[in-house]
Each structure stands twice: as C-alpha cells, then as structure tokens.
Amino acid sequence: MLRARIAGCHRCVRVVGQNGGMAGSPTERQGTLGTFAGVFTPSILTILGIILFLRMGYVVGNAGLAQTLLIIGLATGVAVLTSISLAAIATNIEVKGGGDYYLISRTLGVEFGGAIGVVLFLAQSVSVGFYAIGFGEVTADLVGLDSKIAVQVIALVAVLILFGFTWAGADVASRFQFVVMAFLVAALISFYAGALGTSETTILDQSWSSPPEALGFWAIFAIFFPAVTGFTQGVSMSGDLKDPSRSLPLGTFAAVGLSTVVYVTVAFVIAASVPQLRLVDDTGEAMRSIALIGPLIVLGVIAATLSSAMASFLGAPRILQSLASDRVFPALHFFAAGHGPQANPRRAAVLSLIIALLTLGLGSLDAIAAVVSMFFLISYGLLNYATYWEARAKSPAFRPRFRFFDQRLSLLGAAACLGAMLAINVIAGAAALAVMFVVYQYLSRRGGPERWADSASSHHFQRATESIRALSKEEHHARNWRPQILAFSADPTRRERLLRFASWLEGGSGLTVAMRVLQGEGAAMRRERDAAAVELTAEIEELGIDVYSRVVLAADGMEALPVVVQSFGVGALKANTALFGWPESPSEERRVLYVRSLRDVARLGVNVVTMSSDEQRWGALMGRSKRERRIDVWWSDDDSSRLALLTAYLFTRTAAWSRAKIRVLAAATADGLLETRSDLQGMLAEARIDAEAVCLVDPDQAAIVSACADAALVLVAMRIRGDATLDAQGGDLDLLLRRLPMTAAVLAGEPVDLLAGPESGHHVTLAEAEEALVEAKARLKTVEGHLSEATAAVDDARLWAVPDDPEDEAEIEELSRRRDTVLRRTMKARARVELAQAEVDRVLGG
C-alpha cells in the first residue's frame, strides 16, 4: 500500500507541504526564538524530507548522476536566489508576524499580500492533512496494516497530537522539532556509515548517464524540485524570533547550504552503491539497503512527515491571524486574537485543524496537491519580485544591511520560479494563478483605507521620472498634443462647474490641476493655505473627478499668475492651457485686470479658455440628456477656432458628452456661401471630426445668439485688443457671452494643427534640412577632390611642357578650361552647403 501511494502521490502531494508556511502574529510580541531554533531547524527539517528518503534513488536511477547534479543545482539556484531576496528585504524593514505575507504585503501592497496570504493559509492547512496521511501510510506499512481506514485513523491521531503542540505554542513545538531532528541526524549517520562498505567506483562510473527509456529531464525535475522549497520555513517564524533581521538571512542560508551538501553527497553515495537498474523504480529501499541500521531510515521518513506537518500547522494559523489583524478581509477579524504573551493564534489553529481533518476525509487529492504546490512557488516568485520592485524604485528608504544583494538576481529569481512552474505542471500553475488573480481583483476593487506604506509610491515615482525624462527627449509634435490644464478657481460656489468643465475639456487624454491662489503672507496665511489645500482636495474627492489640486500663496494674486503658469510642471509636463471662470463682478477695474491677466498668460504661449456659466445656464445644461446635447463651435479659420473645435471633440470623448453632436458655424458672404461650406466640410473630413457644417451670411450678434439658442454649449474664439475682449467678428465678447447658453471663449496661445500627420512638423523639417546638409557636404567633398585632381593635372602639364610647343600649349589650355569648370562647380557646392547649414540653423532656431 505504501509503495503504491509513493509512486503516485509523493510526486506532488507529499512534497507540497515542505514549503513550510508563514507564521507569526501581526500583533506586537516579544520573540523568544533564536537563529538555530527559529530558522535553521524548521528550514533544514522541511528541506530534508520525503524526497530525500523516498525519491532520491528514483531520481538518480532515471536521470543519472550527471543530470541529478544538474537538477540539484537548478533547484538550489532558485532557493539561493530567493534566499538572497529574502535576506535583502528582511534586513531592510522590521519584520513582524506574517512571514511571506508580511514581507509581500509591505512591499507590493495589500492586494498581492492578501491574495498570497489567503491561498497559502489554505495550502498550509491542506498540507497538514497531506503529511499526516503520509505519516499514516508509513506507520501502517511498518506495523503490517493494509487498510485505508487504518491509515486515516493513524493520520487522525497524528493531526490531533500536532494540534496539541500548536495549541501550546511555538516554544513547545520547537522542542518537539529538536526530537525530530535527532531522528533525522541518526538516519543520515546510519546512511553515511553504511556507505563506507557499499560504495564502488565501478557502479559509480555506470551511473553517470541516464538509462534508455527513462523519464525526461523536466519530469524528473518536477519530482525533485519540491524538496528544496522548505528553505522559507524560517520566514514563517518571523513573529516568534528575537532578531528577525539577523536570524532570517543567517538561518536560511545555513539551511540551504547544508541541505545542498546533503543532497549532493547522498546522490553520489546512492549512485556508487546501488546499480542503476535497481534505482529506476526505487521508493526508498536504496537508502535502507545502504544504511548501517535500515530501520533508522524508516524513522527518518516518519520524522520527515511529522516535521513537515508540524511546520504547516505552525505556519497556517499565523498567516490567518496576520491577515485578520490587518483587516484585509473584515469577516476574518475574529481570528486576529492571540493567546498569551506570544499571541499564540489558537482561534486560527482551530480553523486549520478543521481544514486538515476535512483533507483526511477526502482521500486522494493529487490534482489539488499540484495546485497547492504552485501556490508556494508563486509566493517565492512574488518574494523575489517584491525585492526587485523595492530596489527598482530606488527609494532612499531601501537600505538593506545584506551586502550581497543585486536587483538583477531578484528578477532572475522571479523568472526562475515562473520557469519552475511551467516545468513542473502548466495546468496546475495556471489554476493557481487564476485563484490568485480572483482574490487580487477582489481586493483591488474593494478598496479601503491604506493601513501601511508599501513601495508602490516609490515605484510609481521612479516610473514617472523615467517617463518624464524620456518624454523630454522626444521632439514636440502637434499629433502628440494633450491638454494639460491649470483650472484657476477662487470662488467655491463656481468651483464645481469649473472643475467638471475641466474634466470634460481634458477628454481623458491629459491632466487637470485645480489651482487656487491665496493673496497674503505670514504665518497665519501659511496656515490658511494648508487648510485651503485640505478643503480643495476634499471637494475634488466629493465630486469624484480625476483632478489634482494645488494651493499657492502670493503677495499679489494677479502679479503671481504668470509666474504660476510658467513655473508649473516639470520637463515636458507643463501647463499648456489655463482655464478661468468669466468674471461676474460689475467692477470695471477688476474686469480690466482680468483681461490683462488673460493676455499675459496667452503671451506665454499658453492657451486660455474662459467659461461663462451661471446657476441657471448650468442647470439647463445638466437637465439635458446626453442625446439632447449639442456643441456649437464658431469658426474663423485661426488657431483659436481650431482649438475650439478640438475642445468640442475632446468633450465628446467623455461619458457625459458621448452622444452630443457638434455643429461648426462660420460667417460667409452671399456669393461665397457654397464655397465656404464646401471648404468647411473638407476641413472637417480631413481633420477626422464628425460635425455638421453651417454657414450664416454676414451674421451679427443677434444672428449668432439666435443660431445657438438651443445649443448645450457654445465655443467661440476670443480676441484681446487693448483692455477689451472681442468676438471673431469684432463685437463685444462680454455682451455676447451674457446672451448665449453656457459658453466658453477660447484664445490660442500656441499654433494648433488639426491636420498634423506623422511626417509633418518641426522634427520632420529638421530631419529633411539635416539630410540636405549631409548631401551638400558630400557633394562638396566630391567636387573638391575633382578640383584637386584638375589643378594637379594643369601643374604637371606646365612642368613637362616643351616651350613654344603648340601641342603642349593646346593641352595646357584644355586642362585649364576643365579646371575652371570644376572650380565653378566647387563654388556652387560650397554655396549649397552654406544654404543648407543656414536652413538647419533656422529650423533649430524656430
């Protein structure tokens, strides 16, 4: 019965729980365990498990010693890389209870941490039952019982005894582990002592290569790899350690190093002691036949199953307790309570016991076991990636005391874990990732307050700075124009209208900053500024729009306005559009200051948009359905009109205006009405904007008001002359805005090109000018070479000519004519170079 179970289940079931687990309470506690008892012992006990005693001969027999060493090297490589990441992150933060869950959640965030915490709690709890069944099979076979009921009864007794140790706490459980370690050490001593009389070089030479018709390399790798996963068992005890930052790296590396030596030497001994044909189907007999005292190997198997089950029983409750304490899942808060000074998670242990007992009753769970094994691999991959993420963010807070860390090693470790998943079981790996994804999405969508500072902020900041640098190196092109809006608002009663208008103007393709300028100075005003910043942020959050906020303090608001506009942003991210509300004050002095401010901003190369809307007109707009909304754009074929048309299009990209129609209205003479409409339609088609073209014959303000009476929004071009604002026809803009529905006046501060293509723009012109310069220089170099040759020919002819010889004189004259022709070509080539250089300088200057 035991051999049948080993042949099937031990490939993916028995090895699963060796991954250990995450332990430790998230509540404040004083750890009592040192490096040896808290990290090294549980780690080495779970690494030196069932694979060592029952499957090592099978691996050597099918892979051959050479490939076995390669398999051990690859598997150990994953363990070493992950241990390096663990050492870096454990020496960078204060490690509390929660193990892998704590490290991942405090680095990648609650979504990743919560997802891995849930699945690892279930995996650890199920692993307790798996290992108990393994213990039951070994024990039943040892006493001669061949009954499934007997196996389950023995497993049940083992689970209840282990639950007792878990209930008592980590200190008691660690003393039990010392007893288990004694059995393992005795088994290994017996094995190595027996090897002294059984090893033969002849057998070793025959075992280097794999036999014919053996399992493939990756199939054998999948069988062996779970053996090394116990190296993170010490992480599960993080909340019970005196000094986690010191003990975790030291104990983990010691366990990985010693276990690697054991696996390599055991492989050599088996390959040198037992013929390869006997090892192909070996399930543990090889080690028993080599050992000086065979029964000690059986005791070693029993110790391996019990130690792995104990590790899982210690780890699972602490994961749940840490999750519950962090309120990741509010429904689990009941399990946050701990018992005694060490906050022993007894409530969580009871739930783990229930899951383990259900596992005993379900029987064979091979398929689930494979998925469980993937959960542990995912946790190692995330631990590596979390460390890479932290280092990649280049945060000043990332200062690990572990000196041998390199972020590329962590990235390599994450990739190695992914590769191991694909090599072991693609389907199980996909299933495990699917479960993780579901939990991650749930936590992402649920939201909630931030309970700790993870590395997301540093990571996003680093990416943002890199993107800004890359963006700043790109040549500005009209095709890539995006609205970057500064929305100035001092009146809280009008702020909502202005900010919603800004979000529509942004069209989902830019960014908006609500800017408020407070006038004054001194400590009292600085406190008022801070309070105003909090208030503005709260207003934006209440509106539920994606707008940033900024409150600045200035001695004079109007004088500070150009400075604010110029200084805002960094690199290529700078304001290109300023949004204002149209003044409602009857004061002529304030109106003049307002107009002068608009002119100053526009002269800085920044577009100006002013929104005219009172409560009545805003209410009329919001009362319309999406289908009833229409945007009218008054066209005068200038940059301001083009910006107004682009604004209308951006509005239709938002949900509130997605069904709105656009009309473009233009003034025309009676004779040119058809031609104007045709030109307007052609422009709209070429600009790829769906709009209706409407022409009015010599319209005055009354005609404009009548034509736009039923529009939801009107966009008009604005002109500034002196201290007055004018419409496109030269009329009083202030008077026009008061008679129209909700209106925005637009003044372009930069060229607007709606027809820009990929091969147009400044950078294309520059590239063409530089290419022409290169060609001109190449042509000049060629003709200068020809000139040099022609001049040399004339000089040689004169040197060797016979005086008064007609033929020689005729030849000299012909060569001189050729030289003069080449000289003229050279002068033209030099002129072309000068012209080409001047064009490059002009484009660069422009």
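Because the structure is a prediction, the values reported are computed rather than measured. (Residues numbered from 1 in each chain as written. Predicted model: local features only at pLDDT ≥ 70, side-chain atom pairs only at ≥ 80, totals over all residues. Heavy atoms only, no water.)

Enquirer: Quick question: what am I supposed to make of the overall build of the protein chain here?
Expert: Scanning the protein chain from terminus to terminus reveals 29 helices and 14 strands. Whereas a compact globule of 846 residues would reach a radius of gyration of roughly 28 Å, the protein chain reaches 40 Å, over 25% beyond that. Along the three orthogonal principal directions, the C-alpha set of the protein chain runs to about 110 × 105 × 55 Å. The burial tally for the protein chain puts 54% of its 846 residues in the buried class. Considering only intrachain contacts with a sequence separation of at least 6, the fraction spanning at least 24 residues in the protein chain is 84%. (Helix = DSSP H or I, 4+ residues; strand = E, 2+ residues; numbered from the N terminus. Rg over C-alpha atoms; globule rule 2.2 N^0.38 Å. Buried < 20%, exposed > 50% of the residue type's maximum accessible area, 1.4 Å probe, protein only. Contact = heavy atoms within 4.5 Å.)

Enquirer: For this particular structure, what's the right way to read a negative patch on the surface?
Expert: A cluster of acidic side chains, namely E768, E770, E771 and E775, defines a negative patch on the protein surface. Mapped onto the elements of the fold, E775 is located in helix α28 (residues 762-800). E775 gets classed as exposed once you look at its relative accessible area, which sits at 58%. (Patch = residues over 30% accessible without salt bridge, like charges linked within 9 Å, V, L, I, M, F, W, Y side chains within 5 Å. Areas by Shrake-Rupley, 256 points an atom, 1.4 Å probe, with all protein chains shown as cover. Salt bridge = Lys/Arg side-chain N within 4 Å of Asp/Glu carboxyl O. Lys, Arg positive; Asp, Glu negative; His and termini not counted. Charge placed at Lys NZ, Arg CZ, Asp CG, Glu CD.)

Enquirer: Can you help me understand the confidence of the model for the protein chain in this one?
Expert: If pLDDT is low for a region, its predicted coordinates should not be looked at in detail. Overall, the predicted model of the protein chain reaches an average pLDDT of 84, with 92% of residues at or above 70. Counting interchain partners and residues more than four positions distant, the pLDDT-below-50 stretch residues 1-27 has 128 contacts. (pLDDT = per-residue confidence, 0-100.)

Enquirer: I keep staring at the sheet that holds strand β8 (residues 630-635) and nothing clicks. Help me out?
Expert: To summarise the sheet geometry, strands pair through backbone hydrogen bonds and adopt either a parallel or an antiparallel arrangement. The strand order across the open sheet formed by 10 strands is β3-β2-β1-β6-β7-β14-β11-β8-β9-β10, and the pairing between neighbours is mixed. Whereas interior strands pair on both sides, the edge strands pair on one side only; in this sheet they are β3 (548-554) and β10 (692-697). Averaged over all neighbouring strand pairs, the angle between strand axes comes to 25 degrees, with direction disregarded. As paired strands, strand β2 (residues 511-519) and β3 are joined by 7 bridges and run parallel to one another. Within β3, the position partnered with L518 by the bridge is L553. (Pairing = 2+ DSSP bridges. Axes fitted to C-alpha atoms, helices over the stretch in contact; angles between N-to-C directions.)

Enquirer: Honestly, the packing of aromatic side chains in this entry has me stumped. Any pointers?
Expert: What describes a pair of aromatic rings is the distance from one ring centre to the other and the angle between the planes of the rings. Considering all chains together, one arrives at 27 aromatic pairs under this definition. With 5.1 Å between their ring centres and 85 degrees between their planes, F217 and W218 make a pair best called edge-to-face. For F217, a relative accessible area of 18% gives the class buried. Positioned above the aromatic ring of Y58, the side-chain terminus of R55 is 4.1 Å from the ring centre. (Phe/Tyr/Trp six-rings, centres within 6.5 Å; stacked < 30°, edge-to-face > 60°. Lys NZ or Arg CZ within 6 Å of the ring centre and 35° of its normal.)

Enquirer: Could you clarify how one ought to interpret the state of the cysteines in this entry?
Expert: What makes a disulfide is a covalent bond joining the sulfur atoms belonging to two cysteines. Summed over all chains, the structure comprises 0 disulfides. This cysteine, C695, is not joined by any disulfide, and C708 carries the nearest cysteine sulfur, 13 Å off. (Disulfide = S-S within 2.5 Å.)

Enquirer: Before we go on, may I ask you to explain the nonpolar core in this structure?
Expert: The tendency in soluble globular proteins is for nonpolar side chains to be buried as a group. Core analysis: the biggest nonpolar cluster contains 145 residues, and F53, M56, F224, F225 and Y263 have the highest contact counts within it. In terms of residue count, the dominant contributor to this core is helix α3 (residues 50-90) (19 residues). Apart from the residues within four sequence positions on either side, F224 is in contact with I51, M56, V59, I71, I72, A75 and Y263. Membership of the second largest hydrophobic core comes to 55 residues, among which are I485, V547, V609 and I662. (Core = buried A, V, L, I, M, F, W, Y, C linked by side-chain atoms within 4.5 Å.)

Enquirer: Please explain empty space enclosed by the protein as it appears in this structure.
Expert: Remark: the empty space left among the atoms is shown by a probe the size of a water molecule rolled over them. The final tally for this structure, using the stated rule, is 5 cavities of 30 Å³ or more. Here the largest cavity is characterised by a volume of approximately 70 Å³. What lines the largest cavity is I47, I72, T76, A79, F224, V228, F231, V256, S259, T260 and Y263. Those elements giving two or more residues to the lining of the largest cavity turn out to be α3 and α10 (244-273). Considering each element in turn, the lining of the largest cavity owes the most residues, 4 residues, to α10. (1 Å grid on protein atoms, 1.4 Å probe; cavity = no way out; pocket = protein on both sides within 12 Å on 5 of 7 lines; lining within 4 Å. Points joined across faces, edges and corners; volume = space filled by probe spheres on them.)

Enquirer: Please clarify how helix α25 (residues 673-687) should be interpreted in this entry.
Expert: Note that an α-helix has 3.6 residues per turn; residues three or four places apart therefore point the same way. In this model, α25 (15 residues) spans 21 Å end to end at C-alpha, consistent with the 21 Å of a helix rising 1.5 Å per residue. The set of residues buried in α25 consists of L680, M683, L684 and A687. Axial view of α25: buried residues confined to an arc of 100 degrees, hence all on one face. Residues of α25 that are exposed and point over 90 degrees away from its buried face: L674, E675, A685 and E686. Phi turns positive one or two residues past the end of α25, at R688, with a value near 60 degrees. (Expected span 1.5 Å × (residues − 1). Arc of directions from axis to C-beta.)

Enquirer: Can you walk me through the pattern of salt bridges in this structure?
Expert: Close approach of charged atoms allows side chains with opposite charge to pair. Applying the stated criterion across every chain, the model contains 24 salt bridges. A salt bridge links R408 to D406, with the nearest nitrogen and oxygen atoms 2.9 Å apart. When salt bridges that share partners are traced, they join R630, D632, R663 and D710 into one network.

Enquirer: Looking at this structure, how should I read the side chain of Q701?
Expert: For Q701, the location among the structural elements is in helix α26 (residues 701-707). Ignoring anything within four residues of it in the chain, the contact list for Q701 reads D727, G731, D732, L735, L736 and R739.

Enquirer: Just to check I follow, could you spell out the pairing of strand β6 (residues 577-581) for this structure?
Expert: Every other side chain in a regular strand lies on the same face of the sheet, so the side chains alternate between the two faces. In terms of residue burial, β6 counts as a mostly covered element, since 5 of its 5 residues are buried. The side-chain alternation of β6 yields two buried faces, one formed by T577, L579 and G581 and the other by A578 and F580. Strand direction decides the pairing type here: β6 and strand β7 (residues 607-612), joined by 5 bridges, are parallel. By the bridge assignment, L579 is partnered in β7 with V609. Following the backbone out of β6, through helix α22 (residues 588-603) and into the adjacent parallel β7, one traces a crossover that is right-handed. (Right-handed = clockwise from strand over helix to strand, strands pointing away.)

Enquirer: How should helix α17 (residues 426-446) be read in this particular structure?
Expert: Helix length check: α17 (21 residues) gives 30 Å between terminal C-alpha atoms against 30 Å at 1.5 Å per residue, within 8%. Buried within α17 we find A428, G429, A432, M436, V439 and L443. For α17, the angular spread of the buried residues around the axis is 100 degrees, confining them to a single face. Residues V426, I427, F437, V438 and R445 are exposed on α17 and point more than 90 degrees away from its buried face. The N-capping residue of α17, defined by a side-chain oxygen 3.2 Å from the backbone nitrogen of I427, is N425. (Polar contact = N/O pair within 3.5 Å; in protein donor to acceptor, adjacent residues only side chain to side chain.)

Enquirer: Whenever I open this one, the environment of A267 confuses me. Can you help?
Expert: Among the structural elements, A267 can be located in helix α10. Ignoring sequence-local partners within four residues, the contact set of A267 consists of M56, V60, L65, T68 and I72.

Enquirer: Could you clarify how one ought to interpret a positive patch on the surface in this entry?
Expert: Together, R779, R824, R825, K828 and R832 give the surface a local cluster of positive charge. Among the elements that line the positive patch, the one with the most residues is helix α29 (residues 806-845), at 4 residues.

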